[in-house]
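Each chain, written out:
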2 protein chains.
Amino acid sequence: MRERLATRHASDVLDADGPVRPLRVAIAGFGVVGSSVARILCEREDLRGALQLTAVVNRNVARKRAAWAPESIAWSDDIDAVLGGEVDVLVETIGGVEPARAWVSEALRRGISVVTANKLLIAHHGRALAELAAVHGARLRFEAAVAGGIPAINAIERGVAGDRLARVGGILNGTCNFILSTLASGAASFDDVLDRARALGYAEADPSNDLDGVDAAAKLVVLAAVAFNLELHLEDVRRQSIRDVTAVDCEYAASLGCTIRQLSIADRHGDAEVDAFVGPALVPLDSPLARVFGADNLVLVRGQYGGDVTLSGRGAGGDATAVAVVSDLLALSRGECREGIARIDRAQPASRPPLPYYVRFVVRDRPGILASFAAVFARHGINVDAVLQRPGHPKSRLPFVMTLEPCGQEAAAAALNELRALDAHEVPPVAFPILSGGVHGA
Amino acid sequence: MRERLATRHASDVLDADGPVRPLRVAIAGFGVVGSSVARILCEREDLRGALQLTAVVNRNVARKRAAWAPESIAWSDDIDAVLGGEVDVLVETIGGVEPARAWVSEALRRGISVVTANKLLIAHHGRALAELAAVHGARLRFEAAVAGGIPAINAIERGVAGDRLARVGGILNGTCNFILSTLASGAASFDDVLDRARALGYAEADPSNDLDGVDAAAKLVVLAAVAFNLELHLEDVRRQSIRDVTAVDCEYAASLGCTIRQLSIADRHGDAEVDAFVGPALVPLDSPLARVFGADNLVLVRGQYGGDVTLSGRGAGGDATAVAVVSDLLALSRGECREGIARIDRAQPASRPPLPYYVRFVVRDRPGILASFAAVFARHGINVDAVLQRPGHPKSRLPFVMTLEPCGQEAAAAALNELRALDAHEVPPVAFPILSGGVHGA
């Protein structure tokens, strides 16, 4: 069985001068990304020596068939028939965990390499699938799973392979970045901006996975696997929703020389301890993180030797994501043999180092409130750095901000819990970390 | 002969599970970058299975010997003895064309792969050396030759390999970026800032290669080779010195919502036509190009499918550049087989598409000057967009600015030549292109 399947391996279609025949590519899922991949493979004549699109698998495939696609492509709704046919690589652009996991597993078991754009699949099952690939002599690649057209995985696996990375992350969710960068430009409420994002196709009907950080956390798990060779689980990533951010917060942030972004940051301490966070944070206006607008993404890495490197570009979109898929296909056609994330250790939890915090309250104003709040922070050993109160708000629903000097995550959380129990609040108080110091923040 | 040498090839120290023994690495040149490479190889225990530093070659090597280096390293001033010994890869960090070219050629002829940080060597002889490598079954890699720790070559060769690139370039010279970003912050003349750059070690005693764009042009030639698979020669790159930029220009640029940067841009038109330029340009303040400060670098690519991708980070420095070298070494240890720039076609010249221009004059003011200048532009079919004159300058030496609507390079040059011949100038007029439209400009 292995003998027959072995003929599918990339190494068997290569000799010293390059591929002896093109890799035969099947695409599973013919939505925005899958059809862009197909179009690039059909349009670009210079790729034909390396890659040949042979099959497309999709439910009700008849309605998907594209007029520009050549006759030679087989259209099928039967994955088993396609995997049993002449195919060297399966491109998976279905999204979601099932049936993607089942299809990808079956391909790998048959020695068919897989290129996927599926962040959830890799975040949940990346290590197991990479092991399966290794056992069957296939390859698993997933450049498109993180940050669309930004070649983050390649940059980390190869471009800065010579460094020892201490941080990876960035702005990984275009929906949140659109909402927060639009909110910062003023003149609209969170809900209005969310509606606009829906109208533009940037947000889904139920945007929870974006707003609450699930999407970005999945991408952060994938980045951390590659950057640290450590396996994080989705539940290891502390998440805070950007639903906590209001237009008032953007005003206060601006008066602090900052703007608010949904950041995803994984920091490694020692060999295997990782602190990972997704949520709103204040970033200085002169940081590259503050200069990412609309649905763009930014990926940053911080190396022990090379310092900070950032990559930015389109975080989503069919064509940009398809470029990442095709780049992976070309790497397979060259037989590049990076082993990937099959043998990575489990990450250990780490506590976040002290950070300054922004805390926003909305209260029914009365004498002594400020003193009572400050007393709570003092009891937890936290110094208040500044108190800000912008004019123009009614005393019955008064927003104001306290910034805290760097303090531990636990102390900040405990103080905030105690504060929440007080009866002055019109809206529960919220706290965001403030990133400062260095290009990407401390 | 080939049989014996063939044992040195990366593919012979690899099996399906990775390297069977470490690649033996010799470093030629033990300056800032070479010694950083050696230190990383000695410090990082996790690399020892893949890479082993066996020799260092340098003139008067005795004075270079580092206390932290293990006894097992051979220190030599005889390149032939080192290349004749047990070595799989030569790291070349000598810089300059000779003797680097001779040493690298000899290594490749012996089947020894080469990793180089030498932009001039690759700009002048990259294609010939890549051919030599291909003939002898060796590899030639040069990530460190462009933009220090930014993994630009990897990102282009692999990360966006699936795209068809139309533009490559960026901010490739840290010295110029330090000078121009400092100049824009005000309060100093060009010469004062240049002195400060010298004091900080950012500029050499003779900074001509930096200021006049030779250094950046060499890097642009290397990027274009990889991005377009086209061979540019250094003399194909139009260069303008940043010595033309004064503090007054930074003030005028700011009033136009721009700042001035030394940009390096190569644009491909059609298959093989390339327009390449290095020199000062006005970039909008909200462009990523305007957010590169100090000696940092930024590399941008623009793809037909994926749009704009930017990479930024440290453009120089021993450790950042050494990371790029070590990343290349790791790629060799994995036997990655990208063929490189051995078989690229000669680029054909292309004319630059129309661009808006900034033209700054310094005149002895008298009635009619503006009309006479405008008439010259009109005769060349060029529309003046705006005239700017900031207060506070004497009439005997009055700087003012005309911005031009998009016009061809040739028309702008002809008009400027005609203007230069007029007798009103205290300083010859200068013109810089204005980049606008899109993240990185049109």
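Given the structure is predicted, the values throughout are model-derived calculations rather than measurements.

(A) Representation of the interface of chain B and chain A within the structure. Taken together, the contact pairs 41 residues of chain B with 41 residues of chain A. In total, chain B and chain A occlude about 3700 Å² of area from one another, counting both sides; carbon and sulfur atoms represent 52% of this. Across the contact surface, chain B and chain A share 2 salt bridges. The closest approach of N and O atoms between Arg158 of chain B and Glu336 of chain A, which form a salt bridge, is 2.8 Å. At the junction of chain B with chain A, the criterion picks out 16 residue pairs in polar contact (both at pLDDT 80 or more).

(B) How the structure looks around the confidence of the model for chain A. Residue and element names in this part refer to chain A. Within chain A, residue pLDDT values average 91, and 94% of them lie at 70 or more. Per-residue pLDDT stays below 50 along residues 1–11; that stretch engages in 23 contacts with residues further than four places along the chain or on separate chains. Low confidence marks residues 438–442, where pLDDT is under 50. Its contacts with residues over four positions away, or in another chain, come to 20 contacts. Here the complex is predicted with pTM 0.92, and the ipTM for its interfaces comes to 0.90.

(C) Here's a closer look at the packing of helix H5 (residues 119–135) of chain A against helix H10 (residues 214–228) of chain A. Residues and elements named next belong to chain A. In the contact formed by H5 and H10, the axes pass within 8 Å of each other and the chain directions differ by 55°. In terms of their interaxial angle, H5 and H10 are classed as oblique. Note on packing geometry: the crossing formed by H5 with H10 is left-handed. The segment H5 lies against H10, with Lys119, Leu120, Ile122 and Ala123 engaging Asp215, Ala218, Lys219, Val221 and Val222. Counted by class, the contact of H5 with H10 contains 6 nonpolar, no polar and 3 charged residues.

(D) Inspection of the sheet that holds strand S19 (residues 384–388) of chain A at higher detail. All names here are of chain A. Here 4 strands make up an open sheet; going across it, the order is S19-S20-S18-S21 and the pairing antiparallel. This sheet does not close on itself; its edge strands, each paired only once, are S19 and strand S21 (425–433). The sheet shows a mean angle of 15° between the axes of neighbouring strands, taken without regard to direction. Inspection of the sheet shows strand S18 (residues 355–363) paired to S21 by 6 bridges, in the antiparallel sense. Each bridged residue has a counterpart across the sheet, and for Arg360 the counterpart in S21 is Val430. Helix H11 (residues 247–255) rests against S18, S19, strand S20 (398–407) and S21 of the sheet, and its axis sits at about 135° to S18. The strands touched by helix H13 (residues 369–379) within the sheet are S18, S19, S20 and S21, with S20 carrying the most contacts at an inclination of about 25°.

(E) Geometry of helix H2 (residues 32–43) of chain A. All names here are of chain A. Helix length check: H2, at 12 residues, gives a terminal C-alpha distance of 16 Å against a target of 16 Å (1.5 Å per residue), a fit within 8%. Within the span of H2, buried status applies to Val33, Gly34, Ser36, Val37, Ala38, Ile40, Leu41 and Cys42. Tucked inside the fold, the buried residues of H2 contact strand S3 (23–28), strand S4 (51–57) and helix H12 (318–333).

Parameters at a glance
- Residues numbered from 1 in each chain as written.
- Chains lettered and ligands numbered in written order.
- Predicted model: local features only at pLDDT ≥ 70, side-chain atom pairs only at ≥ 80, totals over all residues.
- Heavy atoms only, no water.
- Contact = heavy atoms within 4.5 Å.
- Buried area = accessible area lost by both parts, 1.4 Å probe.
- Salt bridge = Lys/Arg side-chain N within 4 Å of Asp/Glu carboxyl O.
- Polar contact = N/O pair within 3.5 Å; in protein donor to acceptor, adjacent residues only side chain to side chain.
- pLDDT = per-residue confidence, 0-100.
- Axes fitted to C-alpha atoms, helices over the stretch in contact; angles between N-to-C directions.
- Helix = DSSP H or I, 4+ residues; strand = E, 2+ residues; numbered from the N terminus.
- Parallel < 35°, antiparallel > 145°, perpendicular 65-115°, else oblique.
- Left-handed = near helix turned anticlockwise from the far one by under 90°.
- Nonpolar A, V, L, I, M, F, W, Y, C, P; charged D, E, K, R; others polar.
- Pairing = 2+ DSSP bridges.
- Expected span 1.5 Å × (residues − 1).
- Buried < 20%, exposed > 50% of the residue type's maximum accessible area, 1.4 Å probe, protein only.

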